[in-house]
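# An overview of the molecular structure
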Amino acid sequence: MSEKEAFKMKTTSPLVALGTLIGRELRHENVEKPTVSYGQAALAKKGEDYFLIKPDCYRISGDPTTSFSVFAIFDGHNGISAAIFAKENLLNNILSAIPQGCDREEWLQALPRALVAGFVKTDIEFQQKGETSGTTVTFVVIDEWTITVASVGDSRCILDTQTGVVSLLTVDHRLEENVEERERVTASGGEVGRLNIFGGNAVGPLRCWPGGLCLSRSIGDTDVGEFIVPIPHVKQVKLSNSGGRLIIASDGIWDALSSDMAAQCCRGLPADLAAKLVVKEALRSRGLKDDTTCVVVDIVPYGHPVIPQIPKKKQNLLTSLIPGKRFHNSLNKEPNKLSAVGAVEELFEEGSAVLSERLGKNMPLNSNSGTFRCAVCQGNEAPNDDLSETIFSHSSGPMLCSKCRKKKDAMEGKRAIVPTLMT
Ligand SMILES: [Zn+2]
């Protein structure tokens, strides 16, 4: 993004036309639907941050009652092509992995798997282009009060609620800070260590070798090694109807501000000003060291367009009273403060990098011919010489086409070809 575009912001109007409201009443529609308003601000250093704001997506084409919104940040490295490719293709790849004809509840339940399939498909497609850059992705889907966040890399999404509790909806896939990811990378054939400079001194953060990347998950990075996987951490929560605020930002923000600092510095302000202030605050404390991008999204009851300011004393009291609860996914180091105050209901969380644990078993499209739809790319695979291998593969996970199966084996550090007869 150019300097000129920096600080360019946009907000939806919190006002709903009277006619629309009356129409809703007449149709007995749910008038409890929240208002979603948002703002974005950024300052570029290298020009490798991209973002996506799509407030008007429909589950059923042309039906505005099925609307949902998408917000995402892509922090590119070693070039911009992976960030641009993900921005342009990821949403479609995710949506194409959701079965047709779902009602709203089924759609929300299918979303976590579809996010995994969409991330992996986008990575495979980018790999085929033969380019070498990579990108973090933090991808947020908002459907009424339900928020689903999928992320690879270290662009965080935090949630601030009316209770004053700030929580992290993403996991940082940084080798330096994530011991489980270090173990996974090592077990899959990578090496983890610091950069050695002249004299043998180790400097900087932990990196994986070959490649020298500090992240353990990303989209792209074709030249780094398949142990850098595109399988996202996914978390799905439902807000109470008092609402909440999301702050989605690249590491230019989080290297300068804690989650609490980011949330507190902009409370009481509308989303567009809040985004601008978070960027300003990060710059004030650290200067412009990196691309810095911030998207703020308020999900609030109709008629209450702003998350109110909370007195500082009350915040501290609340935080100190809440016992830490471990996530069932041990990749998370942060204690879970969400459900303890009743502001948020946790619906789903999974961060495993093993594809078969993330995708359910898909059934054959046609049991006579044996054709099936690949659980990742959604391509139809006809039976062929590979069928026995396909069935073998299915016994330990989802059905995958030969291309996606090769990707799965490579990510897990296995040989791309299934071993021949055992002796
Ligand atoms: Zn496939």
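Definitions and cut-offs
- Residues numbered from 1 in each chain as written.
- Predicted model: local features only at pLDDT ≥ 70, side-chain atom pairs only at ≥ 80, totals over all residues.
- Helix = DSSP H or I, 4+ residues; strand = E, 2+ residues; numbered from the N terminus.
- Buried ≥ 20, exposed ≤ 12 C-beta atoms within 10 Å, placed from the backbone.
- Core = buried A, V, L, I, M, F, W, Y, C linked by C-beta atoms within 7 Å.
- Contact = placed C-beta atoms within 7 Å.
- pLDDT = per-residue confidence, 0-100.
- Axes fitted to C-alpha atoms, helices over the stretch in contact; angles between N-to-C directions.
- Parallel < 35°, antiparallel > 145°, perpendicular 65-115°, else oblique.
- Left-handed = near helix turned anticlockwise from the far one by under 90°.
- Nonpolar A, V, L, I, M, F, W, Y, C, P; charged D, E, K, R; others polar.
- Pairing = 2+ DSSP bridges.

What follows deals with the overall build of the protein. Tallying secondary structure elements over the protein gives 11 helices and 17 strands in all. Burial statistics for the protein: of 423 residues in total, 42% are counted as buried.

Cis geometry is found at the peptide bond from Trp-209 to Pro-210, where omega equals 0 degrees. For Pro-210, the position within the fold is in the loop between strand S9 (202-209) and strand S10 (219-220). The phi dihedral of Asp-221 falls on the positive side, at around 55 degrees, and the residue is not glycine. A positive phi is found at Gln-378, a non-glycine position, where the angle reads about 70 degrees. With respect to the helices and strands, Gln-378 occurs in the loop between strand S16 (371-373) and strand S17 (380-381).

Right, let's talk about the nonpolar core for a bit. The tendency in soluble globular proteins is for nonpolar side chains to be buried side by side. In this structure, Val-140, Ile-247, Val-278, Cys-294, Val-295, Val-296 and Val-297 are the most contacted members of the largest nonpolar core, which totals 98 residues. Ranked by residues supplied to this core, first place goes to helix H3 (residues 104-128) with nine residues. In contact with Ile-247, not counting residues within four places along its chain, are Ile-158, Asp-160, Ala-262, Ala-263, Val-278, Cys-294 and Val-296.

Right, let's get into the confidence of the model for the protein. Averaged over all residues, the pLDDT of the protein equals 83, while 77% of them reach at least 70. Confidence over residues 1-14 falls short of pLDDT 50; this stretch has 32 contacts with residues more than four positions distant or in other chains. Counting contacts from residues 416-423, a segment whose pLDDT is below 50, to residues more than four positions away or on other chains yields five contacts.

Another point: the packing of helix H2 (residues 81-95) against H3. One way to put it is that H2 packs onto H3 with a least axis distance of 9 Å and a crossing angle of 135 degrees. When the axes of H2 and H3 are compared, the pair comes out oblique. Crossing of H2 over H3 shows right-handed handedness. Every residue of H3 that contacts H2 at Ala-82, Phe-85, Ala-86, Asn-89, Leu-90, Asn-93 and Ile-94 is listed here: Ala-114, Leu-115, Gly-118, Lys-121, Thr-122, Glu-125 and Phe-126. Looking at side-chain class alone, the contact of H2 with H3 contains eight nonpolar, four polar and two charged residues.

Attention shifts here to the pairing of strand S8 (residues 191-196). Bridge analysis of S8 against S9 gives five bridges, and the strand direction is antiparallel. What sits directly across from Val-192, in S9, is Cys-208.

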